[in-house]
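Architecture and fold: a report
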Amino acid sequence: MTEMEYGDRREQRRTVGRGTAWLVPLVLLAAIVTVDLQTGEKFRVVSWIILVPSIAAAICGVGATILFALLSLAAYLAVDTAFPERYRAGTADFVLLAFGGVLAVTASVVRTRRERRGLHMRDIAETTRRTVLRPLPPNWAGLEHAGVYLAADVDARVGGDFYDIQPGPNGTRVLLGDVQGKGLGAVETAAALLGTFREVAYHEPDLVTVADRLEVRMCRHRGHTAALGRYDGDRFATALLLGFPKDARDAVEVINFGHEPPLAVGPRGVRPLPGGERLPIGFGDLTGAAEPGAEPGPPACRVRLDEDETLLMVTDGVTEARDRADEFYPLLDDVARAVAADHGRAAPRRLVRLVREGVLRHTRGRLDDDTTVFALRRLPEPQSDPGPASTTGRPSRA
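Residues numbered from 1 in each chain as written. Predicted model: local features only at pLDDT ≥ 70, side-chain atom pairs only at ≥ 80, totals over all residues. Heavy atoms only, no water.

The next thing to look at is the UniProt feature "transmembrane region" (unreviewed entry) in the chain. Per the UniProt entry, the sites bearing "transmembrane region" (unreviewed entry) are residues 20–37, 49–74 and 94–112 in this numbering. End C-alpha to end C-alpha, residues 20–37 measures 27 Å, and it is 83% helix and 0% strand. Between the C-alpha atoms that bound residues 94–112 there is a distance of 27 Å. The span itself is 100% helix and 0% strand. (UniProt positions renumbered as here; feature names shortened; annotations may be inferred. Helix = DSSP H or I, 4+ residues; strand = E, 2+ residues; numbered from the N terminus.)

Listed below in structure tokens is the structure:
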């Protein structure tokens, strides 16, 4: 299950809760009326009805708050006039109740407007997130995959983590990264890198060229933001660039831009994969890699990857997650122990769920950084059916 699906379920539960929220002030109103009538003249609590519109303002809509304000006034008059005149609460409490109802309706209007504004901003953030982290079709490009993104700012739902899968004539390429910093600047940088990756990974036959073009794109992006008057000179991104060549189903090409190495998870255990080590994207000006006509960067490292192994990639929101004792989340040990007990947990969807729940349990739900968990493995190669043949060796006719 993706984080988007978790968010949708939370929204559904919240909507259901809103639909039955009117029961709370209604029960309170009935309880106050009943108590006041049962206790008689010596203990009058009818003035407590002022709590009813106040609670309605906090949990109900504007229409429901108006209704409860009017119901409270009507109930007050009905109950208070049922007593002898010398035991009545009187006009002063009625005026106070009416004034409280007006304040409750006003508060409900203000709260509703703020919630609508918040939902609008939430929709904008969700659209931005879908632009950066576009939904991937299931079993895309010959890969079974699963991913989850957890924003440190739950309301924002967007940050500098990014990942994508790009199929092409030269094989399938995968990019996962983490842009330094937060806010819209990090989102813009992630979008720029992903846009370049989606084009170059499709056309370029060499994975090294894809990596070099990402470095050039970062340099151009920083120049553009500087021209706009926004200093972005220190922006960089750590990333993993993977290539699944068509000519080798038991291998994967890895270029590591200063990121945590990917983990190969399978029945035989967990092992980090080496990669063509590079500086983070954005440091190319130190080596001249971002200059026109520069020499290609270090070659990609081609390593063995068995068909029953899953590649697990995470951002530093996982590796740097801390508990109250300031201890880091033991990712490798946690995954190795779980997969050793149940080999089925190496499946991408179950593996992502395992890490997600482990991080949230370790941090008790308090994330200090955006967290991305992404897992994938090759789908089994489809077996071709030769079909029935005649005894002469020629295809039979139906």
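So, next bit.
Glancing now at helix α3 (residues 51–59). Taken together, the buried positions of α3 are occupied by V52, P53, A56 and A57. All buried residues of α3 project into a common sector of 135 degrees when viewed along the axis, lining one side. (Buried < 20%, exposed > 50% of the residue type's maximum accessible area, 1.4 Å probe, protein only. Arc of directions from axis to C-beta.)

For the rest of this paragraph, the subject is the pattern of salt bridges. All told, the structure shown has 17 salt bridges when counted by the stated rule. When the shortest N-O distance is used, the salt bridge between E144 and R377 registers 3.2 Å. Taken together, the positions of E144 in strand β1 (residues 143–150) and R377 in strand β11 (residues 371–378) put the pair 233 residues apart, joining distant regions of the chain. What makes E144 partly exposed here is its relative accessible area of 24%. Among the ionic pairs, D334 bridges to R337, the shortest N-O distance being 3.3 Å. (Salt bridge = Lys/Arg side-chain N within 4 Å of Asp/Glu carboxyl O.)

Here the focus is the sheet that holds strand β7 (residues 269–272). Taken in spatial order, the 5 strands line up as β1-β11-β10-β6-β7 in an open sheet, and their pairing is antiparallel. Here the strands that pair on one side only, and so sit at the sheet edges, are β1 and β7. When the angles between neighbouring strand axes are averaged without regard to direction, this sheet yields 20 degrees. Across the sheet, helix α10 (residues 331–341) lies against β6 (263–266), β7 and β10 (310–314), angled at about 15 degrees from β6, the strand it touches most. (Pairing = 2+ DSSP bridges. Axes fitted to C-alpha atoms, helices over the stretch in contact; angles between N-to-C directions. Contact = heavy atoms within 4.5 Å.)

Attention shifts here to the packing of aromatic side chains. According to the stated counting rule, one finds 3 aromatic pairs in the structure shown. Ring geometry for Y76 and F94: centres 6.0 Å apart, planes at 40 degrees, overall tilted. In this pair, Y76 sits in helix α4 (residues 62–80) while F94 sits in helix α5 (residues 91–132), placing the two residues 18 residues apart along the sequence. A relative accessible area of 25% means that F94 is categorised as partly exposed. Centre to centre, the rings of F236 and F283 are 5.2 Å apart; their planes meet at 40 degrees, and the pair counts as tilted. Note that F236 is positioned in the loop between α7 (207–227) and β4 (237–244) and F283 in the loop between β8 (276–278) and α8 (284–287), a separation of 47 residues in sequence. (Phe/Tyr/Trp six-rings, centres within 6.5 Å; stacked < 30°, edge-to-face > 60°.)

Trans is the prevailing form of peptide bonds, just as negative phi is the prevailing case for residues other than glycine. Even without being a glycine, D326 presents a positive backbone phi close to 65 degrees. The residue D326 is located in the loop between α9 (316–319) and α10 in this model. A relative accessible area of 47% places D326 in the partly exposed class.

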